[in-house]
Structure formats: structure tokens, C-alpha cells
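# Structural characterization, general
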Amino acid sequence: MDEKKIILSGIKPSGALTLGSYLGAIKNWVELSDTYNCYYMMADMHAITIRQDPAALRRTTLEQIAQYIACGLDPDKNVIFIQSQVPAHAELSWVLSCYTMFGELSRMTQFKDKSAKNADNINAGLFTYPALMAADILIYQADLVPVGDDQKQHVELTRDIAGRFNGIYGDVFKLPEPFIPKVGARIMSLQDPTSKMSKSEQDTGGCVCLMDKPEDIMRAFKRAVTDSDTRVRYDVKEKPGVSNLMQIYAVAAGKSVIETEKDFDCRGYGDFKQAVGEAVVELLRPVREEAARLLSDKAYLEKVYTEGAEKAAYTANKTLRKVYKKIGFVQK
Ligand code: TYM
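The structure contained in this document is the topic of the report that follows.

The rules behind each value
- Along each chain, the written sequence defines residue order, and numbers are assigned to residues from 1.
- With the structure being a predicted model, the display of local features is reserved for residues of pLDDT at least 70 and the display and counting of side-chain atom pairs for 80 or more, all residues being used for whole-chain, interface and lining totals.
- Neither water nor hydrogens contribute to the side-chain values; these are computed over all heavy atoms in the structure.
- Strands are runs of DSSP state E lasting at least 2 residues, helices are runs of H or I lasting at least 4, and numbering of each runs from the N terminus.
- For a compact globule the rule gives 2.2 Å times the number of residues to the power 0.38, and the radius of gyration it is set against comes from C-alpha atoms.
- By definition, residues are in contact when any of their heavy atoms lie within 4.5 Å.
- For the area figures, the Shrake-Rupley method with a 1.4 Å probe applies, and any residue is considered shielded solely by the protein chains shown.
- Counting rule applied: Lys, Arg positive; Asp, Glu negative; His and chain ends not counted.
- Positions of charges follow a simple convention, taking NZ of Lys, CZ of Arg, CG of Asp or CD of Glu.
- Salt bridges are defined by distance alone: a side-chain nitrogen of Lys or Arg within 4 Å of a carboxyl oxygen of Asp or Glu.
- Only protein chains enter the accessibility calculation, which uses a 1.4 Å probe; a residue is then buried when its area is under 20% of its type maximum, exposed when over 50%, and partly exposed in between.
- Any residue with at least one heavy atom within 4 Å of a molecule or strand is counted as near it.
- In protein, a polar contact means a hydrogen-donor-capable atom and an acceptor-capable atom, both N or O and within 3.5 Å, with residues adjacent in sequence counting only if both atoms are side-chain atoms; elsewhere, any N or O pair within 3.5 Å suffices.
- Here the nonpolar group is Ala, Val, Leu, Ile, Met, Phe, Trp, Tyr, Cys and Pro; Asp, Glu, Lys and Arg are the charged ones; every other residue, Gly included, is treated as polar.
- When the centres of two rings from Phe, Tyr and Trp lie within 6.5 Å, Trp using its six-membered ring, the rings pair. Their planes under 30 degrees apart give stacked, over 60 give edge-to-face, and anything left gives tilted.
- Angles run from 0 to 180 degrees between N-to-C directions of axes, and those axes are lines fitted to C-alpha atoms, restricted for helices to the stretch in contact.
- Working rule for angles: under 35 degrees goes down as roughly parallel, over 145 as roughly antiparallel, 65 to 115 as roughly perpendicular, anything else as oblique.
- Handedness of a helix crossing follows the sense of rotation of the near helix relative to the far helix, less than a right angle counterclockwise being left-handed and clockwise being right-handed.

## Digging into the overall build of the chain
Broken down by element type, the chain carries 13 helices and five strands. Relative to the globule expectation of 20 Å for 332 residues, the C-alpha radius of gyration of the chain, 21 Å, shows essentially globular dimensions. Restricting to contacts in the chain with at least 6 residues of sequence separation, those with at least 24 account for 76%. A total accessible area of about 15800 Å² is found for the chain, and carbon and sulfur atoms account for 52% of it. In the chain, 44 positive and 44 negative side-chain charges are present, and the distance between their average locations comes to 3 Å.

Dropping the structure here:
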């Protein structure tokens, strides 16, 4: 019997993959993928909570698959799939939304942030999104959910929903744990280090994307906002810009934040920014090259996501059938 524990995680293909998603999530997915049975998806159903251009959504979804593989996720060892191709997610999501409280959803900070930013489109999906995310996780009986810091609240709500459901019907769902990296859990914007790096900032220079050219990456780091001091010292409160760059450097160069502080003691910000830029360029170079190669092989990508959806559906349908039986739906 396969004793490996299970991982599920995903990213919305609502734009290019950023350095934030890479350091906060994907890097850990790759590290954990040997020891767990892993399901990694393109969360396209989540993406449409914000209005998407159809052609762009299709393109970014395929690009994201190529980038997952290029980052080191072997499709023979990991189930790589597109969320909308496994209908059981939507089906379980409806059931779970009947076990999720309005008050709980109202407290989600991401809902508050996103509805403030999209005041003309505060749709019901944006509000019930955490019930779909709970379905994504619980349908695979995941033990671990590797995510950045901003998703922790959603994973905690998932545990509450699962606990409530189990309390009524017996042990149906496994309670998942979030897995948040010690360094890199919240990469900040290079232009405004008090807000999270996000895909929406591509034009302002605040964000670096996995497919960016080396010269663009270097330029973004050279222009990164720091402070009027000159010392490379870790202090998130007083020096948020420099501390963010130190985190990025530490993960990209495989060092600790303390080592980074020592390495750059008495060297100015100019030197430091150059080194961070170079470390990120080298970290992303193989990803960019391999993703570009994979993208030109559409037949291969299609094979990956078709087989991925089949494997995912097999597991997901087992949980869905159990849930339907427990709640009293007549079985076929
Ligand atoms: P999304 O698409 O916003 O982000 C994808 C992943 O990247 C992490 N992340 C970051 N980590 C560090 N610093 C940043 N600046 C940064 N920006 C993004 C996020 O924490 C996340 O891990 N709801 C999810 C997608 C999702 C999901 C799931 C995740 C749907 N179903 C089930 C886990 C399990 C989302 O919007 O992530």
C-alpha cells in the first residue's frame, strides 16, 4: 500500500507567475515532491473571481503548466492538472458552501482586500472562494498544503469546515496543515515594500516574473526601493525594502539571512542590489529556458494535463461519492 502523505496546492493563472509565488510556494512544492504524493493544479476556476480575458486565461494556464514542469515538478511523479477539468471540485464546493458560515467568509482578509480593489465587481464567487479552496484540498484528503503566508487563513478555514462536517457525519475528511516557509513566505513589492508582491504590479517594476529577461530582472532590482541608511541589516519594521531584498537573496543564493547580513556588511546598497539581481537571474535562468522549450511542445503539455486530470478525478470522485452518501443523496 502507498503510505506517502498527500499534498495539494495551486496557483491562479490570472497572470504571469511571480518570484513571490515561486519563493512562497513552488520552490517548496519541488522540495516536498519526493516525500509526498502531490497534486498541483492551475486554479483557473479561482481566477475568474476577477474578470479575465478568455484568450489570455487560456494562454497563461498553458504557460503555467510549462513553468511548473520547468521549476522541477516531474509530471510522472506529480499529478499536474487544470482545476476546471476535474468537475468534482465544483461539486464538492457547493456541498461545502452549505457548511460554511456567512460570518466566516466575511472575516477573510483576502475578500476584504480584493473587494476593495474591485469595487465594481464584488461577485458571489469572490465571497465563496474559500469554500472552493476547501473543496480543492479536502477532496484529495491532503495532509499538507504548501502556500505563502497570505493563504494561511484560507487553509485554517478549510480545517474548520472539515471539522464541522466530520462532527456531523463522522471521519470523512482529513484535517490539512498549512506549510509556510520560514523565509520567503511573504515577498514584498520592490516598489512598495509594505505591500505584497503581486502579478497586478507587472507594469510598475514592483514585481519580477519567472519569464522576465535577465536585463529586466537586473533593472527591477537596481530600482528597488530601500531607505536612506546604507547598511545591509535585517529589520522588517525600520528597513522593509532592504529586509525584503535580504529574504530574496537568502532563498535565491541558498544562504541564511544572518549569513547574508555578514556577507554584505560594510558594502553599500549598490553592490547588494547587484548581487540580489544576479542571484535571481541565475535562479530563474534554467526555469525560463526550459519553460520556453516546453511551451513550443503543445502536444506534450496536452498529454500532461489530460493524464493529470484523469488521475486527479479518480481520487476526487472517491471522496465526492463518500460525501454524497453521507449527506443523504440517492446513489446511482
Ligand atoms: P495565488 O494564485 O494568489 O498565489 C499562489 C501561491 O503563491 C503564494 N504567493 C506568495 N508567496 C510569497 N510572497 C508573495 N508575494 C506571494 N504571492 C503569492 C500564495 O500564498 C500561494 O501559495 N487561493 C490560492 C490558489 C488556490 C489554492 C488552492 C492554494 C486555489 N485552491 C488550494 C492551495 C490549496 C491563490 O489565490 O493563490
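## Structural notes on the pattern of salt bridges
Scanning the model with the defined rule gives 19 salt bridges in all. Salt-bridge contacts for Asp 34 lead to Lys 77; the nearest nitrogen and oxygen are separated by 4.0 Å. You can see Asp 34 sitting in the loop between helix H1 (19-32) and strand E2 (36-42) and its partner Lys 77 sitting in the loop between helix H3 (54-70) and strand E3 (78-82), a full 43 residues away along the chain. Residue Asp 34 is classed as exposed on the basis of its relative accessible area, which comes to 53%. Its salt-bridge partner being Asp 229, residue Lys 239 comes within 2.8 Å of it at the nearest N-O pair. Linking Lys 239 in the loop between helix H9 (214-222) and helix H10 (240-253) with Asp 229 in the loop between H9 and H10, this pair joins segments that are ten residues apart in sequence.

## What about the site of the ligand?
Around the ligand, a shell composed of 28 residues is seen, among which Lys 12, Tyr 129, Asp 136, Asp 150 and Ile 187 lie nearest. A distance of 3.2 Å is found between a nitrogen atom of the ligand and a side-chain nitrogen or oxygen belonging to Gln 151. For the ligand, whose free accessible area comes to 710 Å², the fraction covered by protein is 98%. Listing elements by their share of the shell around the ligand, those giving two or more residues are strand E1 (5-11), H1 and helix H7 (124-138). Residue composition of the shell around the ligand, grouped by class: 13 nonpolar, nine polar and six charged.

## Notes on the packing of aromatic side chains
Within this structure, the stated rule accounts for 14 aromatic pairs. A ring pair is formed by Phe 264 and Phe 272, whose centres lie 4.9 Å apart and whose planes are at 65 degrees; its orientation type is edge-to-face. Relative accessible area serves as the criterion here: at 3%, Phe 264 is assigned to the buried category. Note on Phe 272: relative accessible area 1%, which makes it buried. One aromatic cluster in this structure is built from Tyr 99, Phe 165, Tyr 169 and Phe 173.

## Some details on the packing of helix H4 (residues 88-97) against H7
Between H4 and H7, the shortest axis-to-axis distance is 8 Å and the interhelical angle comes to 120 degrees. Classified by the angle their axes make, H4 and H7 are oblique. Handedness of the crossing formed by H4 with H7: right-handed. Together, His 89, Leu 92, Ser 93, Leu 96 and Ser 97 of H4 and Ala 131, Leu 132, Ala 134, Ala 135, Asp 136 and Leu 138 of H7 make up the contact between the two elements. Taken together, the residues that form the contact of H4 with H7 break down as seven nonpolar, three polar and one charged.

## Focus: the side chain of Ser 9
Looking at where Ser 9 falls in the secondary structure, it is placed in strand E1. Owing to a relative accessible area of 2%, Ser 9 belongs among the buried residues under this scheme. At 2.9 Å, the side chain of Ser 9 forms a polar contact with the backbone oxygen of Pro 146. Discounting chain neighbours no more than four positions away, the residues touching Ser 9 are Trp 29, Tyr 39, Tyr 40, Met 41, Pro 146 and Val 147.

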